[in-house]
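Next come the chains, spelled out residue by residue.
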Protein chains: 2
Amino acid sequence: MSVREPGARSASVKDVAAAAGVSLGTVSNVLNRPDRVSPGTRERVLKAMTDLGFVRNESARQLRAGTSRTLAYVMLDASNPFFTDVADGIDAAAEAADLSLVLCNSRDSASREQSHLALLEQQRVQGILVTPVDPDSPSLDEVARRGTPVVVVDRTRADQSFCSVAVDDVLGGRLAVEHLLDRGHTRVAYVGGPAHLGQVHDRLEGARSAWAAAGHPEDALAVIETSALTVAEGREAGARLAGIPTRRRPTAVFCANDLVALGLLQHAISSGVRVPDEIAIVGYDDIEFAAAAAVPLTSVRQPRQLLGRTAAELVLDEATNVGHTHRQVLFTPELVARSSTLG
Amino acid sequence: MSVREPGARSASVKDVAAAAGVSLGTVSNVLNRPDRVSPGTRERVLKAMTDLGFVRNESARQLRAGTSRTLAYVMLDASNPFFTDVADGIDAAAEAADLSLVLCNSRDSASREQSHLALLEQQRVQGILVTPVDPDSPSLDEVARRGTPVVVVDRTRADQSFCSVAVDDVLGGRLAVEHLLDRGHTRVAYVGGPAHLGQVHDRLEGARSAWAAAGHPEDALAVIETSALTVAEGREAGARLAGIPTRRRPTAVFCANDLVALGLLQHAISSGVRVPDEIAIVGYDDIEFAAAAAVPLTSVRQPRQLLGRTAAELVLDEATNVGHTHRQVLFTPELVARSSTLG
DNA sequence: CCTCGGTGTTGAAAGGTTTCAATCCGACGG
DNA sequence: CCGTCGGATTGAAACCTTTCAACACCGAGG
């Protein structure tokens, strides 16, 4: 029952074999094909294992077997509920395939992402799912080229160099603005940034197309750019909005994600602006906190779990199926109307 | 530039050595002690590596070296922002120690937790941080006894069998209720559950002690038990609260965590109950969404990142320091008063 | 009594990296 | 010209598990 000192060597199959008085091949059989071993010896071996505190050395196992039983998701930002929901979906699929999932958080840093990718590659994980800081980064291609299946999650890329799973952001933007037009709004603002983010850009594009289709002059759709998609930036944008004279102030706002929308909502309420009467708000992602906001938020829902599950399935196909061909899956978003636009 | 088929063997040091016309010892030197190798050969070896798409095999490395460079955090519920903040703190410490952090999500399931622990142990990670489903589970002891440093995060245990890092929940409960007493409330309810959770129990205990210290009869502190600490349960509790006749209805509520508080807040606002005038609300954890709520939430702040950072430091000490002794660190929470109690 | 079939067990090889003692080679001092 | 020294390179062993062909044993069938 003693505790091992740091650095002390742990028991190996050889030790177990010696203690049980069998060969080490037999110990291995107990671990991997217990039915091949007679009950008597099996008991003896198992007892020796618990006595010695034997722990199978996964490195050696994997070295010999050449294969690992884990999948990895390198997430962009673990504190955004959207990504943890995606991770849940991946987890479900991994569990179904009897793999375990490890998560790495790059916290928006390309270098952290880089070192996670390197380590996972060296560990010979079955596949890597990643929401990259920059989808065009060549290091993704390198990892894939060297043989580790890579699937890009919630981002896309012009070329088709690997599988990806994403949601149609242009359509999402269109849905949001069409909804606002249906509700009779004629002065609308889009809030989000930085502009170079694919999501921010695509959602705006969708918004503009719906706006133009309704016959409004394109440049009458105001754009308020933020420096990040966070709650704090949303509040900030709310303040800027409040500075616009009432007669010209938008009566509705479409935010690039729910965090921004929640910040904006908070600013509105705390400064006495009524939602949706004076200003209607549409968010994006439909995270749990959107429905739970003080004024439940109308939002564009993305199939988060499904996104994760599908990505996991793609990476597994690539890992096991020789005839695999890359696919770009694009899901359809859906508008969920709640009080923040419905009065 | 060709892509390897699934199952194809990747290049090894031996292949690199052959391609560069050196021995494999030299290749290893290039990887581990580049200064020992003359610039000429080094270049040649590096070129061979990129040509062949060489990826160091971490299993073999670790098998030989006997040590890994990773730390793991087995989190209880990745979709609770509280835990992702703790993970950020751990990550910071890991980065400082030049280790990489992998996250596993047990999603409130003891069996998932179990299999994550087993795998991590077999991978010989440097240490395991865990917020367990059940802190008294004997499998934690077994892992520790067999030699992997284990630190329990945000939970405690009667015995001192390993290091733990937690926050004084009894004090937190006291702070919350003292604040409400200061604001003149005389009818207060505690909302949380299930009761067997250590946190739920301790916070209530603290609440009761403050309540009694103010001379109020102990049983006059109402308790509304929920079946989980979620937003949905918070809404539910709000509905139950609303069912109490006004004259007997509590004028203030102390919730066992912010998710419950946010749900309760949402119910109040949507049914026209004014916060804090008709009902004051105190949450617990001070997650980011608490400050960003429509009525910013008064909450008991826990030092989340510090919790994580300290836990990581403890596990590293245990992993490297032979003279390590277990410590139970208890942090002090702090009340953050906002509009939900301040009018 | 011998052979056969089957069950249970063994021993050695393989997998990729790191380490370290040993070797090699060129340069330099004597 | 020889011996020596230092830096660069090599080869073999070790890490632990898994696999698989070979072996020992036993009872049944001929």
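Engineer: Where do I start with the overall build of chain A in this structure?
Structural biologist: When helices and strands are counted, chain A shows 14 helices and twelve strands. Its C-alpha atoms give chain A a radius of gyration of 26 Å, clearly above 20 Å, the size a compact globule of 343 residues would have. When the backbone C-alpha atoms are referred to their principal axes, chain A occupies close to 90 × 45 × 35 Å. The buried share among the 343 residues of chain A stands at 53%. Counting contacts in chain A only where the partners sit at least 6 residues apart, residues at least 24 apart contribute 68% of the total. The average position of the 35 basic charges and that of the 42 acidic charges among the side chains of chain A differ by 6 Å.

Engineer: Where do I start with the pairing of strand E6 (residues 188-192) of chain A in this structure?
Structural biologist: Look at any regular strand and the pattern is simple: side chains alternate between the two faces of the sheet. Residues and elements named next belong to chain A. Most of E6 sits inside the fold, with five of its five residues counted as buried. The alternating pattern of E6 places Val188, Tyr190 and Gly192 on one face and Ala189 and Val191 on the opposite face, and all of these are buried. The pairing of E6 with strand E8 (residues 252-255) spans four bridges and is classified as parallel. Bridging across to E8, Val188 finds its partner in Ala252. Pairing geometry for E6 and strand E7 (residues 222-225), over four bridges, is parallel. Residue pairing for E7: Val191 is matched across the bridge by Ile224.

Engineer: What exactly am I supposed to notice about the protein's contact with DNA strand C here?
Structural biologist: Around DNA strand C, 25 residues are found, and the nearest of them are Ser23, Thr26 and Thr41 of chain A together with Val13 and Arg64 of chain B. Between DNA strand C and Ser23 of chain A, the relevant distance is 2.9 Å, taken from a phosphate oxygen to a main-chain nitrogen or oxygen of the residue. Between DNA strand C and Arg64 of chain B there is a distance of 2.8 Å, counted from a base oxygen to a side-chain nitrogen or oxygen. Secondary structure elements with two or more residues in the surface near DNA strand C: helix H2 (24-32) and helix H4 (58-65) of chain A together with helix H2 (24-32) and helix H4 (58-65) of chain B. When grouped by side-chain class, the residues that make up the surface near DNA strand C number eight nonpolar, ten polar and seven charged.

Engineer: When you look at the protein's contact with DNA strand D in this model, what are you seeing that I'm missing?
Structural biologist: Near DNA strand D, the surroundings consist of 24 residues, among which Val13 and Arg64 of chain A together with Ser23, Thr26 and Thr41 of chain B are the closest. For DNA strand D, the backbone portion of the atoms within 4 Å of the protein, that is sugar and phosphate, comes to 73%. A distance of 3.3 Å separates a phosphate oxygen of DNA strand D from a polar atom in the side chain of Asn32 of chain A. At a separation of 3.0 Å, a base nitrogen of DNA strand D approaches a polar side-chain atom of Arg64 of chain B. Only H2 and H4 of chain A together with H2 and H4 of chain B provide two or more residues apiece to the surface near DNA strand D.

Engineer: Explain the sheet that holds strand E12 (residues 334-336) of chain B here, please?
Structural biologist: Strand pairing within a sheet occurs via backbone hydrogen bonds; the two strands may be parallel or antiparallel. Residue and element names in this part refer to chain B. Pairing within the open sheet is mixed, and its six strands lie in the order E7-E6-E8-E9-E10-E12. Taken across any chain shown, the strands that pair with only one partner, and hence form the sheet edges, are strand E7 (222-225) and E12. For this sheet, the mean angle separating the axes of adjacent strands, direction not counted, is 20°. Of the pairings in the sheet, the one linking strand E9 (residues 280-285) to strand E10 (residues 298-301) comprises four bridges and is parallel in character.

Engineer: Looking at this model, I keep getting lost on the environment of Ser23 of chain A. Mind explaining?
Structural biologist: Topologically, Ser23 of chain A is positioned in the loop between helix H1 (13-20) and H2. Sequence spacing of Ser23 of chain A and Val13 of chain A is ten residues, and the spatial spacing of their C-alpha atoms is 9.2 Å.

Engineer: Where do I start with the interface of chain B and chain A in this structure?
Structural biologist: How big an interface is tends to be stated in terms of accessible area lost as the parts join. Across the contact, 61 residues belong to chain B and 61 residues belong to chain A. Between chain B and chain A the total buried area reaches about 5300 Å² when both faces are included, carbon and sulfur atoms providing 56% of it. Counting every contact that joins chain B to chain A gives six salt bridges. The salt bridge partner of Glu95 of chain B is Arg112 of chain A, with a shortest N-O separation of 2.9 Å. For the side of chain B that touches chain A, a count of residues per class yields 28 nonpolar, 17 polar and 16 charged.

Engineer: So what exactly am I meant to see when it comes to the packing of H1 of chain A against H2 of chain A here?
Structural biologist: Residues and elements named next belong to chain A. Following both chains from N to C, one finds H1 and H2 inclined at 105°, their axes separated by 8 Å at the closest point. What the angle tells us is that H1 and H2 run roughly perpendicular. The residues of H2 that touch H1, namely those facing Val13, Val16 and Ala17, are Leu24, Val27 and Leu31.

Engineer: Explain the relation of the copies chain B and chain A to me, please; I cannot follow it from the model alone.
Structural biologist: In this structure, two copies of a chain are linked by a rotation about an axis accompanied by a shift along it. With an RMSD of 0.1 Å, the operation that places chain B on chain A is a rotation of 180° combined with a shift of 0.0 Å along the axis. Considering both components of the superposition, the chain copies are consistent with a two-fold axis. A symmetric contact is evident, with 100% of the interface residues of chain B recurring at the interface of chain A.

Engineer: Quick question: what am I supposed to make of the packing of aromatic side chains here?
Structural biologist: Remark: the centre distance and the inter-plane angle together describe each pair of aromatic rings, the angle taken between the planes. All names here are of chain A. Tallying each qualifying case throughout the model produces seven aromatic pairs over all chains. Plain terms: the ring middles of Phe82 and Phe83 are 5.2 Å apart, the flat faces sit at 80° to each other, and that makes the pair edge-to-face. By relative accessible area, Phe83 is classed as buried at 5%. Between Phe254 and Tyr284 the ring centres are 6.3 Å apart and the planes differ by 35°, which places this aromatic pair in the tilted class. Here Phe254, found in strand E8, pairs with Tyr284, found in strand E9 (residues 280-285); they are 30 residues apart in sequence, far enough to count as distant. Tyr284 shares its class with Phe254; the two are buried. Among the aromatic side chains, those forming a connected cluster through ring pairs are Tyr190, Phe254 and Tyr284. Lying across the ring of Tyr284, Arg203 places its NZ or CZ 3.7 Å from the centre.

Engineer: Just checking my understanding: could you explain the side chain of Asp154 of chain A for this structure?
Structural biologist: Residue and element names in this part refer to chain A. With respect to the helices and strands, Asp154 occurs in the loop between strand E4 (150-153) and strand E5 (163-167). Taking relative accessible area as the criterion, Asp154 reaches 4% and is therefore assigned buried. In this structure, Asp154 is in contact with Phe82, Phe83, Val165, Ala166, Gln199, Gln302 and Leu307, ignoring residues within four places of it in sequence.

Engineer: Can you walk me through unusual backbone geometry in this structure?
Structural biologist: Excluding glycine, most residues fall at negative phi; most peptide bonds, likewise, are trans. Here the residue pair Val275 of chain A and Pro276 of chain A is connected by a cis peptide bond, since its omega of 10° sits within 30 degrees of zero. With respect to the helices and strands, Pro276 of chain A occurs in the loop between helix H11 (258-270) and E9. A positive phi angle is found at Asp98 of chain B, which is not glycine, with a value near 60°. Within the secondary structure, Asp98 of chain B sits in the loop between helix H5 (81-96) and strand E2 (100-105). The exposure class of Asp98 of chain B is exposed, given its relative accessible area of 59%. Of note in this structure, Arg107 of chain B is not a glycine but carries a positive phi near 45°. When you line up the elements, Arg107 of chain B lands in the loop between E2 and helix H6 (110-122).

Engineer: Even after reading the chapter, I still don't get the side chain of Thr298 of chain A, so can you show me in this structure?
Structural biologist: You can see Thr298 of chain A is positioned in strand E10 (residues 298-301). For Thr298 of chain A, the side chain forms a polar contact with the main-chain nitrogen of Arg338 of chain A, separated by 2.8 Å.

Engineer: How should I be thinking about the nonpolar core in this particular structure?
Structural biologist: Nonpolar side chains in soluble globular proteins generally cluster together in the buried interior. One finds Tyr73, Leu129 and Phe254 of chain A together with Tyr73, Leu129 and Phe254 of chain B to be the most contacted residues of the largest nonpolar core, which totals 148 residues. When near neighbours in sequence (up to four residues on either side) are disregarded, Leu129 of chain B contacts Ala72, Tyr73, Val74, Ile90, Val151, Val153, Ala311, Ala312 and Val315 of chain B. In this structure, Val150 of chain A together with Val74, Leu117 and Val130 of chain B belong to the second largest nonpolar core, which totals 30 residues.

Cut-offs and rules
- For every chain, the first residue of the written sequence is number 1, and numbering continues from 1 along that sequence.
- Labels follow written order: the first chain is A, the first ligand is 1, and so on.
- Note on the predicted model: pLDDT of at least 70 is required for a residue's local features to be given, and 80 or more for side-chain atom pairs to be given and counted; whole-chain, interface and lining totals, by contrast, use all residues.
- Where side-chain values are given, they derive from all heavy atoms of the structure, hydrogens and water being excluded.
- In DSSP terms, a helix is any run of H or I states spanning at least four residues, a strand is any run of E spanning at least two, and both are numbered starting from the N terminus.
- Taken over C-alpha atoms, the radius of gyration is set against a globule rule of 2.2 Å times the number of residues to the power 0.38.
- Whether a residue is buried, partly exposed or exposed follows from its accessible area with a 1.4 Å probe, protein chains only, as a fraction of its type maximum: under 20%, in between, or over 50%, in that order.
- In this analysis, two residues are considered to be in contact whenever any of their non-hydrogen atoms come within 4.5 Å of each other.
- Counted charges follow a simple rule, with Lys and Arg positive, Asp and Glu negative, and His plus the chain ends left uncounted.
- To locate a charge, the coordinates of NZ of Lys, CZ of Arg, CG of Asp or CD of Glu are taken.
- Strands are labelled as partners when DSSP assigns at least two bridges between them.
- When we say a residue is near a molecule or strand, we mean one of its heavy atoms is within 4 Å of it.
- Pairs of N or O atoms within 3.5 Å make up the polar contacts considered here, provided that, within protein, one atom can donate a hydrogen while the other can accept it, and that residues adjacent in sequence are counted only when both atoms are side-chain atoms.
- Three classes are used: nonpolar for Ala, Val, Leu, Ile, Met, Phe, Trp, Tyr, Cys and Pro, charged for Asp, Glu, Lys and Arg, and polar for all others, with Gly counted as polar.
- All axes here are fitted lines through C-alpha atoms, helices being fitted over the stretch that makes contact, and every angle between N-to-C directions spans 0 to 180 degrees.
- The term buried area refers to how much accessible surface (probe radius 1.4 Å) is lost by two components on association, counted for both of them together.
- Whenever Lys or Arg places a side-chain nitrogen within 4 Å of a carboxyl oxygen from Asp or Glu, that contact is recorded as a salt bridge.
- Note on angle classes: values under 35 degrees are labelled roughly parallel, values over 145 roughly antiparallel, values of 65 to 115 roughly perpendicular, and the remainder oblique.
- We superpose the copies by least squares over the C-alpha atoms of residues that have a pLDDT of at least 70 in both of them.
- Paired rings are identified among Phe, Tyr and Trp, the last through its six-membered ring, by centres lying within 6.5 Å, and are further divided according to the angle between planes into stacked (under 30 degrees), edge-to-face (over 60) and tilted (the rest).
- Charge-over-ring placement is defined geometrically: NZ (Lys) or CZ (Arg) within 6 Å of the ring centre, and within 35 degrees of the ring normal.
- Joining through side-chain atoms within 4.5 Å is the link that ties buried Ala, Val, Leu, Ile, Met, Phe, Trp, Tyr and Cys residues into a set, and such a set is a nonpolar core.

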